[in-house]
Amino acid sequence: MAKKFHQPTRMCVSCRQRTPQFHLTRLQCIDGEITPFSGVGRSFYLCRDCLEEDKKIIRVLMRQCRGGDKDKHMNKLKEIITDDRKS
Ligand SMILES: [Zn+2]
């Protein structure tokens, strides 16, 4: 890379690595449901590497939502990731 961009970095809540924002998916939990970040409220980031690891992710989602249905969280997350990759 010839040019050096100043990238804002954010911390992935799963692996706690600081990563440029484009490498992360910003999510939040509203009423016990995982959603893409809506612009308001508490949110968290997950990096692409962690998003590949269901077992790690599920623990994070359960913690962020303070419980809930594991399968529901995972299905919702997969939907969000798919939408993310389409755009
Ligand atoms: Zn991560």
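What you see is a predicted model; the values in this text were computed from it and never measured. (Residues numbered from 1 in each chain as written. Predicted model: local features only at pLDDT ≥ 70, side-chain atom pairs only at ≥ 80, totals over all residues.)

**Q** Can you break down the overall build of the protein residue by residue, with the values?
**A** The secondary structure content of the protein amounts to three helices and five strands. Element order for the protein, N to C, with α for helix and β for strand: β-β-β-β-β-α-α-α. The C-alpha atoms of the protein give 13 Å as radius of gyration, which agrees with the globular expectation for 87 residues (12 Å, within 12%). Considering only C-alpha atoms, the protein reaches an extent of 45 × 25 × 25 Å along its principal axes. Expressed as a percentage of the 87 residues in the protein, the buried residues total 17%. When contacts within the protein are restricted to residue pairs at least 6 apart in sequence, long-range pairs at least 24 apart make up 43% of them. (Helix = DSSP H or I, 4+ residues; strand = E, 2+ residues; numbered from the N terminus. Rg over C-alpha atoms; globule rule 2.2 N^0.38 Å. Buried ≥ 20, exposed ≤ 12 C-beta atoms within 10 Å, placed from the backbone. Contact = placed C-beta atoms within 7 Å.)

**Q** Outline the confidence of the model for the protein, supporting the account with residue identities and numerical values.
**A** Predicted confidence across the protein gives a mean pLDDT of 91, with 92% of residues reaching 70 or more. Here helix α3 (residues 70-86) is the element of the protein with the lowest mean pLDDT, 90, and strand β5 (residues 44-47) is the one with the highest, 97. (pLDDT = per-residue confidence, 0-100.)

**Q** Quick one: what's the story with the pairing of strand β4 (residues 33-36), residue by residue and with numbers?
**A** Relative to β4, strand β3 (residues 24-30) is paired through four bridges, and the arrangement is antiparallel. Residue pairing for β4: L27 is matched across the bridge by P36. Taken together, β3 and the strand that follows it, β4, pair antiparallel across an intervening segment of two residues, in which D31 is found at a positive phi of about 50°. (Pairing = 2+ DSSP bridges.)

**Q** Tell me what's going on with the sheet that holds β3, and back it up with residues and numbers.
**A** Two strands in a sheet stick together by hydrogen bonds in their backbones, pointing the same way (parallel) or opposite ways (antiparallel). Reading across the sheet, the three strands line up as β4-β3-β5 and stay open at both edges, with antiparallel pairing between neighbours. Each edge of the open sheet carries a strand with a single partner, namely β4 and β5. Here the strands of the sheet are splayed against their neighbours by 40° on average, with no regard to which way each runs. Bridging between β3 and β5 involves four bridges; their strand directions are antiparallel. Residue pairing in the sheet places L27 in a bridge with F44 of β5. (Axes fitted to C-alpha atoms, helices over the stretch in contact; angles between N-to-C directions.)

**Q** Describe the nonpolar core, and please don't skip the residues or the numbers.
**A** Counting residues in hydrophobic clusters, the biggest one holds twelve residues: C12, L24, L27, C29, I34, F44, L46, C47, C50, L51, L61 and L77. Mapped onto this core, the elements with two or more residues apiece are β3, β5 and α1 (48-51). Ignoring anything within four residues of it in the chain, the contact list for C50 reads C12, S14, C15, K56 and I57. (Core = buried A, V, L, I, M, F, W, Y, C linked by C-beta atoms within 7 Å.)

**Q** Kindly report on the environment of D31, identifying the contributing residues and their values.
**A** Among the secondary structure elements, D31 is positioned in the loop between β3 and β4. C-alpha separation for the pair D31 and C65, spaced 34 residues apart in sequence, amounts to 8.1 Å.

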